[in-house]
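Close look at the chain arrangement
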Amino acid sequence: MSKKKLAIWGFLLLTVGVIVEEYLRQVPLTALYYTIDEEFTEDALRFVVVGDVGAGDAGQKKVAAQLEELCKTYAPHAMLFLGDNFYNHGVASVDDPQWQIKYLDMYGGDCLGQIKVYAVLGNHDYKGSVSAQILYTEKDPTGRWIMP
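One structure accompanies this document, and this report is about it. (Residues numbered from 1 in each chain as written. Predicted model: local features only at pLDDT ≥ 70, side-chain atom pairs only at ≥ 80, totals over all residues. Heavy atoms only, no water.)

Tallied over the full model, the rule gives two salt bridges. One salt bridge in this structure joins glutamate 69 and lysine 72, with 3.4 Å as the shortest N-O distance. Linking glutamate 69 with lysine 72, this pair stays in helix α2 (residues 58-74), spanning three residues, or about one helical turn. Notably, a salt bridge pairs lysine 139 with aspartate 95, separated by 2.9 Å at the nearest N-O pair. One end of the pair, lysine 139, is in helix α4 (residues 130-139); the other, aspartate 95, is in the loop between β2 (78-81) and α3 (98-104), with 44 residues separating them in the sequence. Residue lysine 139 is classed as partly exposed on the basis of its relative accessible area of 41%. (Salt bridge = Lys/Arg side-chain N within 4 Å of Asp/Glu carboxyl O. Helix = DSSP H or I, 4+ residues; strand = E, 2+ residues; numbered from the N terminus. Buried < 20%, exposed > 50% of the residue type's maximum accessible area, 1.4 Å probe, protein only.)

For glycine 90, the position within the fold is in the loop between β2 and α3. On the basis of relative accessible area, glycine 90 is assigned to the buried category, the value being 4%. When the C-alpha positions of glycine 90 and glycine 128 are compared, they lie 4.2 Å apart, and in sequence the two are 38 residues distant. Dropping the residues within four chain positions of it, glycine 90 is found in contact with Gln98, His124, Asp125 and Gly128. (Contact = heavy atoms within 4.5 Å.)

A word on the pairing of strand β1 (residues 47-50). Where burial is concerned, the two faces of β1 differ: the one with Val48 and Val50 is buried and the one with Phe47 and Val49 is not. Where β1 and β2 come together, four bridges link them in parallel fashion. Opposite valine 49, over in β2, you have leucine 80 as the bridge partner. Following the chain from β1 across α2 to the adjacent parallel β2, one finds a crossover that is right-handed. (Pairing = 2+ DSSP bridges. Right-handed = clockwise from strand over helix to strand, strands pointing away.)

For α2, with 17 residues, the first-to-last C-alpha span of 24 Å sits near the 24 Å given by 1.5 Å per residue. The inward-facing, buried residues of α2 abut β1, β2 and α3. Phi turns positive one or two residues past the end of α2, at alanine 75, with a value near 45 degrees. (Expected span 1.5 Å × (residues − 1).)

Okay, the sheet that holds β2 next. Each strand in a sheet pairs with another by means of backbone hydrogen bonds, the pair being arranged parallel or else antiparallel. Taking strand neighbours across the sheet as the criterion, the four strands line up as β1-β2-β3-β4 in an open arrangement whose pairing is parallel. With partners counted over all chains shown, the strands left at the sheet margins are β1 and β4 (145-146), one partner each.

This paragraph deals with α4. An α-helical turn contains 3.6 residues, so any two residues separated by three or four positions project in the same direction. Here α4 has its buried residues at Ala132, Gln133 and Tyr136. Each buried residue of α4 lies within a common arc of 95 degrees when the element is viewed along its axis, so the set occupies one face. Projecting away from the buried face of α4 at angles above 90 degrees are the exposed residues Leu135 and Glu138. (Arc of directions from axis to C-beta.)

Below, the structure is given as structure tokens:
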């Protein structure tokens, strides 16, 4: 493929990515909720899934508040963290202040604060202490963090 064609394809993909990202910013979180069943049933396995968890900023607070409201409605059994749990460079230790700011404060509401959090690592987490996220399973004062 010529450099010109490659540049055109790259530009087109970037443009589509920007459009999709802008659309998703405007879609309320509740519109992204999906269930396999056509109707809500009490015996269904329900869980919250979060990737690129956040930086402890206003955006993360807004998403956490919306998740708390969804939690009250759907009563999930667990929360899954899909990686990049701590932007930008993971955590330094089990005592890193980010645990409080980006995890406990964000997801410690009346509903979310009662469910287990099963987490996996993302590339940003590997920039910090991987073992700290694993060891936090024993240190978490709520007993909710589970890794691996």
